[in-house]
Amino acid sequence: MTDMNDTLKPDWLTEPADLNALSPYLWPATARRDPSGVLTVGGLRVTDLAAEFGTPMYLFDEDDFRARCAEFRTAFHDFDVYYAGKAFLCKAVARICAEAGLGLDVCTLGELKTAIAAGFPGERMVLHGNNKSAEELTTALRHGVARIVVDSFDELALLKELAADTGVRPTVLVRVNVGVRADTHANIATAHDDQKFGFSLRTGDAAAAVAYAHDADGIELAGLHMHLGSQIFGMDSFEVGVARMMKVRADFIRSCGAELPEVSVGGGFAIAYRDHHQPLAPAGIADALRRFGEESCRELGVSAPRLAIEPGRAVVGRSACTVYRVGTVKNVEGLRTFVSVDGGMSDNIRPALYDGIYSAVLAGRLTTAEPRLSRVVGVHCDAGDVVVRDDYLASDIHSGDLLAVPCTGAYCRSLSNNFNHTPRPPVVAVGGGTASVWVRRETYDDLLGLDLG
Ligand SMILES: *Cc1c(COP(=O)(O)O)cnc(C)c1O
């Protein structure tokens, strides 16, 4: 490694002792290498899966996902747990959540229709959104969606009308903007004052919305909601947010005698994308949230509400990896090696959008070559088209190799796009010794079928 490389790599990146190792913090639970060194997930070889389903491919470990659903269900046994579908949702995922006893959080008509198509029970669903349409709200009411998290006075007025039209009485939580800047990327921080979500606590809108919902004919007010953002490692911002919501709640209980039996603290719990990341385990998060709720309510002299959470990334993030085929390899002497793969920002836009960091390993074979500072890039015509910004990869990596990137279960397929008219990859799930296609690969006919010119 040259001196120049030292300045090119981030401080946290160190040369790996073993390029073939699969970090237990990053890979799906069933990921292994078989005796010949091929990566296997759920006992199936990625070389065989790539031959059958093509690359790029999102490879989903069903057992891993079921285990994480169960871990959250157990750690948060006294909470309502809604899996946040926006992290990744398809019918199979909705069904597994239902079987695991989790609820489901949806925030668009498309997510709602997917849940309905999967037969997900309305009484375990919550609907979000800062600009819900009449169609979304009506669909939710007709499907018996248990909680609607209201986000504006316009929505409250619309909901009142729709409740009268449909004869369904919605149960709502009021989303409070608690004015906490969570320590995460600006695009995924959602509870400081100057952003679009929720009723501002500072301006008094939150208290006004609670009073409005309480008084509104045809609407049932169950409590309050906050969501601080995503990929949050510490619990400090949760402590402040919970205390502020509990204060609003206690004030209202005192002035109106209402009960407000529920408080949702949203999602946002971080996962490790690299070994140096140290997220909290679900049990630790549950303990902290319980304590924050109980302590605040004790100080305020009111009974503690039932708590709810909405984890997305922390449930699904590690359950999938993406398998790519290497194309060109360009070693720029004194700088780094650019390894091009057959996907990119169309299947994982997080590096470009949120400075998301990832890692990669050779998936089809072992290597004994030297590590070389590398960057995995995609096929797209954009310099921001990066899959793994900084990692050490084998110096013998070459065209035709398979490369796998872990931790792509959350916000990769769900944020995927057709940039450069690129068809989106399939989601292939392995479980019980077999592979099944949960979401098929898009075809050029799919794309051209939209073009009516
Ligand atoms: C995005 C979102 C979540 C899930 O966030 P994660 O970081 O994936 O846990 C939960 N609730 C709301 C309201 C959200 O917008």
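Residues numbered from 1 in each chain as written. Predicted model: local features only at pLDDT ≥ 70, side-chain atom pairs only at ≥ 80, totals over all residues. Heavy atoms only, no water.

- For the chain, the name recorded in an unreviewed UniProt entry is Diaminopimelate decarboxylase, with Streptomyces griseoluteus as its organism.
- As its UniProt record puts it under Catalytic activity (unreviewed entry), the chain is described as follows: "meso-2,6-diaminopimelate + H(+) = L-lysine + CO2".
- The record in UniProt for the chain states the following under Function (unreviewed entry): "Specifically catalyzes the decarboxylation of meso-diaminopimelate (meso-DAP) to L-lysine." (UniProt positions renumbered as here; feature names shortened; annotations may be inferred.)

1. Some points on empty space enclosed by the protein
And step 1. Inspection of the entire model under this criterion finds three cavities of 30 Å³ or more.
And step 2. Size it by volume and the largest cavity reaches roughly 50 Å³.
And step 3. Considering the residues around the largest cavity, the lining is formed by Ile-232, Phe-233, Phe-269, Ala-270, Pro-279, Leu-280 and Ile-285.
And step 4. Of the residues contributing to the lining of the largest cavity, the split by class is seven nonpolar, no polar and no charged. (1 Å grid on protein atoms, 1.4 Å probe; cavity = no way out; pocket = protein on both sides within 12 Å on 5 of 7 lines; lining within 4 Å. Points joined across faces, edges and corners; volume = space filled by probe spheres on them. Nonpolar A, V, L, I, M, F, W, Y, C, P; charged D, E, K, R; others polar.)

2. Looking at the layout of surface pockets
And step 1. If you add up the space inside the largest pocket, you get close to 710 Å³.
And step 2. If you trace the largest pocket, you find 34 residues lining it, with Lys-86, Cys-107, Thr-190, Phe-197 and His-227 closest to the centre.
And step 3. Its residues assigned to classes, the lining of the largest pocket shows 12 nonpolar, 15 polar and seven charged.
And step 4. Per-domain counts for the lining of the largest pocket show at least three residues from each of domain 1 (4-61 + 318-449) and domain 2 (62-316).
And step 5. Taken as a whole, the second largest pocket holds about 460 Å³ of empty space.
And step 6. Along the wall of the second largest pocket there are 24 residues; nearest its centre are Pro-16, Arg-274, Asp-275, Ser-359 and Asp-391. (Domains from an automatic or database assignment.)

3. Description of the UniProt feature "binding site: substrate" (unreviewed entry) in the chain
And step 1. According to UniProt, the "binding site: substrate" (unreviewed entry) feature falls on Arg-313, Arg-350, Tyr-354 and Tyr-411. Maximum C-alpha separation among the annotated residues is 14.2 Å over a sequence range of 99 residues, consistent with a single clustered spot. Checked against the lining of the largest pocket, the annotated residues reduce to Arg-313, Tyr-354 and Tyr-411.
And step 2. The exposure class of Arg-313 is buried, given its relative accessible area of 3%.
And step 3. Of note is the side chain of Arg-313, whose polar atom sits 2.8 Å from the side chain of Ser-230.
And step 4. With a relative accessible area of 3%, Arg-350 lands in the buried category.
And step 5. Leave out the neighbours within four places in its chain, and Arg-350 touches Tyr-273, Arg-313, Asp-355, Gly-356, Tyr-358, Ala-410, Tyr-411 and Leu-415. (Buried < 20%, exposed > 50% of the residue type's maximum accessible area, 1.4 Å probe, protein only. Polar contact = N/O pair within 3.5 Å; in protein donor to acceptor, adjacent residues only side chain to side chain. Contact = heavy atoms within 4.5 Å.)

4. Focus on the sheet that holds strand 1 (residues 32-33)
And step 1. With antiparallel pairing, the three strands of this open sheet are ordered in space as 1-2-3. For this open sheet the edge positions go to strand 1 and strand 3 (44-45), each flanked by a neighbour on one side alone.
And step 2. Bridge analysis of strand 1 against strand 2 (residues 39-41) gives two bridges, and the strand direction is antiparallel. Residue Arg-32 lies in a different strand from strand 2, and its bridge partner there is Thr-40. (Pairing = 2+ DSSP bridges. Helix = DSSP H or I, 4+ residues; strand = E, 2+ residues; numbered from the N terminus.)

5. Overview of the site of the ligand
And step 1. Taken together, 14 residues surround the ligand, and among them Lys-86, Ser-230, Glu-310, Arg-313 and Tyr-411 come closest.
And step 2. One nitrogen or oxygen atom from the side chain of Glu-310 is found 2.6 Å from a nitrogen atom belonging to the ligand.
And step 3. At 2.9 Å, a backbone N or O of Gly-312 approaches an oxygen atom of the ligand.
And step 4. A total of 390 Å² of accessible area belongs to the ligand in isolation, and the protein chains cover 94% of it.
And step 5. Residues of the shell around the ligand, tallied by class, amount to three nonpolar, six polar and five charged. (Near = heavy atom within 4 Å. Areas by Shrake-Rupley, 256 points an atom, 1.4 Å probe, with all protein chains shown as cover.)

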